[in-house]
Amino acid sequence: MELGTKKIIGIGNFYITETVIWSLIISVIMIVFALLATRKMQKVPKGLQAYAEWIVDFIYNWVGQVMGSDKLKFAPYIGTLFIFLLLGNLIGLFDIRPITTNLNTPFALATITFVMIHYNAVKTRRLGGYIKHLSEPNFLMLPINLLSELSFPLSLSFRLFGNILGGVVIMKLLYMALEKLSALLTGSIPIFIIAIPLPLNFFFDIFESVLQAYVFTMLTMAFIANAMKPKEE
Amino acid sequence: MAQITPQAFILGLSAIGAGLAMIGVIGAGIGVGFTSGKAVEGIARQPEAQGDIMKIMFIGMAVTETTGLFAFIVAIILMYANPFINLI
């Protein structure tokens, strides 16, 4: 059983995997959709513009609910992150390897989250307030808090990676077992593959994909909002 | 009796280690079950808060699962990206 991502092109240790190709394709799809939807904007939305407005409305409401209405400037990044992860996980439905099963993708996104958390914390709290925030109950807790802050991108990326990879591994094992079983009974016709994997397909490819994209985005939002200085009443 | 090569020995022990590593998933299972049980209690007490409770429950479950996923990743590394086989 082969698990690693397929290498498309490259020399030695530097190569382009299918993950990179599919992330680029997803990015292009998102950009083309955005361009098409906003090309001829009208007062009363029609066609693609209506869908785009619905998505934007949904994202802004969501960010306003979770982060508070004073942090709406994060909504474009959060929306892009959510849609990118959603599409990247859901391509597993078309028997393409989900882009998050390569640890590089979730770790890169988690690094962006990490940088955003600390950049915004320093920006809104100033350096003194930031150090005070890190040594919250008292200054003895500073090393422990630093450690938990540093391990946050690891756990965030491993959560997404492990969940999606676990689904891929289980589906592969199930397909292998069903193929062997049907080879024993009917020869070369894989008759058991028809409907038996359907519930597992639904769980791992649809439910888990949407849930993990949601959780990743939600935790990103919650931690950024938590690190920033609360709004003065 | 055939001789066991060092590679085969390492691969066999790695497979056993991967199996042992997956014991750690017990904790995640207990955690997820506890989370959903408490959510059911909450919904039974306050059925109108179902949407909010479900939302928080899914996030809590995903966070709880992480500890189990660390065990899973260790097992996967031992099975498919074995770090010990290159040492000999």
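Here goes a summary of the coordinates provided. (Residues numbered from 1 in each chain as written. Chains lettered and ligands numbered in written order. Predicted model: local features only at pLDDT ≥ 70, side-chain atom pairs only at ≥ 80, totals over all residues. Heavy atoms only, no water.)

Quick word on the environment of A:G129
For step 1, the next point in the chain: Along the chain, A:G129 turns up in helix 4 (residues 104–134).
For step 2, the next point in the chain: Note: C-alpha distance between A:G129 and A:K229 (100 residues apart in sequence) is 8.9 Å. (Helix = DSSP H or I, 4+ residues; strand = E, 2+ residues; numbered from the N terminus.)

Digging into a nonpolar patch on the surface
Residues and elements named next belong to chain A.
For step 1, the next point in the chain: Together, I8, I9, I16, V20, I21, L24, I25, I29 and L87 line one region of the surface with nonpolar side chains, adding up to about 740 Å² of accessible area.
For step 2, the next point in the chain: Elements with a minimum of two residues in the nonpolar patch: strand 1 (7–11) and helix 1 (18–37).
For step 3, the next point in the chain: For the nonpolar patch, the element with the most residues is helix 1, which contributes five residues.
For step 4, the next point in the chain: Examined against the element boundaries, L87 turns out to sit in helix 3 (residues 75–90).
For step 5, the next point in the chain: Take L87: its relative accessible area is 32%, and that puts it in the partly exposed class. (Patch = residues over 30% accessible without salt bridge, like charges linked within 9 Å, V, L, I, M, F, W, Y side chains within 5 Å. Areas by Shrake-Rupley, 256 points an atom, 1.4 Å probe, with all protein chains shown as cover. Salt bridge = Lys/Arg side-chain N within 4 Å of Asp/Glu carboxyl O. Buried < 20%, exposed > 50% of the residue type's maximum accessible area, 1.4 Å probe, protein only.)

Some thoughts on the side chain of A:R125
All names here are of chain A.
For step 1, the next point in the chain: Mapped onto the elements of the fold, R125 is located in helix 4.
For step 2, the next point in the chain: A distance of 2.6 Å separates the side chain of R125 from the backbone oxygen of A227, its partner in a polar contact.
For step 3, the next point in the chain: Excluding anything up to four places from it in sequence, R125 contacts Y130, H133, N226, A227, M228, K229 and P230. (Polar contact = N/O pair within 3.5 Å; in protein donor to acceptor, adjacent residues only side chain to side chain. Contact = heavy atoms within 4.5 Å.)

As for the packing of helix 1 (residues 6–21) of chain B against helix 3 (residues 50–80) of chain B
Residues and elements named next belong to chain B.
For step 1, the next point in the chain: At a minimum axis separation of 8 Å, helix 1 and helix 3 run at an interaxial angle of 170 degrees. On the basis of the axis angle, helix 1 is roughly antiparallel to helix 3. Between helix 1 and helix 3, the residues in contact are S14, A15, G17, A18 and A21 and A71, V74, A75, L78 and M79, respectively. (Axes fitted to C-alpha atoms, helices over the stretch in contact; angles between N-to-C directions. Parallel < 35°, antiparallel > 145°, perpendicular 65-115°, else oblique.)

Examining the packing of helix 1 of chain A against helix 2 (residues 48–67) of chain A
Residues and elements named next belong to chain A.
For step 1, the next point in the chain: Interhelical geometry of helix 1 versus helix 2 gives an angle of 115 degrees and a closest axis separation of 8 Å. The handedness of the crossing between helix 1 and helix 2 is left-handed. Along its contact with helix 1, which presents F33, L36 and A37, the element helix 2 presents L48, Q49, Y51, A52 and I55.
For step 2, the next point in the chain: Broken down by class, the residue content of the contact of helix 1 with helix 2 amounts to seven nonpolar, one polar and no charged. (Left-handed = near helix turned anticlockwise from the far one by under 90°. Nonpolar A, V, L, I, M, F, W, Y, C, P; charged D, E, K, R; others polar.)

Structural notes on the environment of A:L178
All names here are of chain A.
For step 1, the next point in the chain: Mapped onto the elements of the fold, L178 is located in helix 5 (residues 142–186).
For step 2, the next point in the chain: Taking the relative accessible area as the measure of exposure, L178 reaches 8% and is therefore buried.
For step 3, the next point in the chain: Between the alpha carbons of L178 and G129 there is a distance of 59 Å; along the sequence they are 49 residues apart.
For step 4, the next point in the chain: If we skip the residues at most four places from it in the chain, L178 touches F192, I193, I196 and P197.

A short note on the pairing of strand 1 of chain A
All names here are of chain A.
For step 1, the next point in the chain: Burial of strand 1 is sparse: only zero of the five residues sit out of reach of the surface.
For step 2, the next point in the chain: Strand direction decides the pairing type here: strand 1 and strand 2 (residues 14–17), joined by four bridges, are antiparallel. Residue pairing for strand 2: G10 is matched across the bridge by Y15. (Pairing = 2+ DSSP bridges.)

Note that every value here comes from positions in space, so none of it alone points to a role or purpose.
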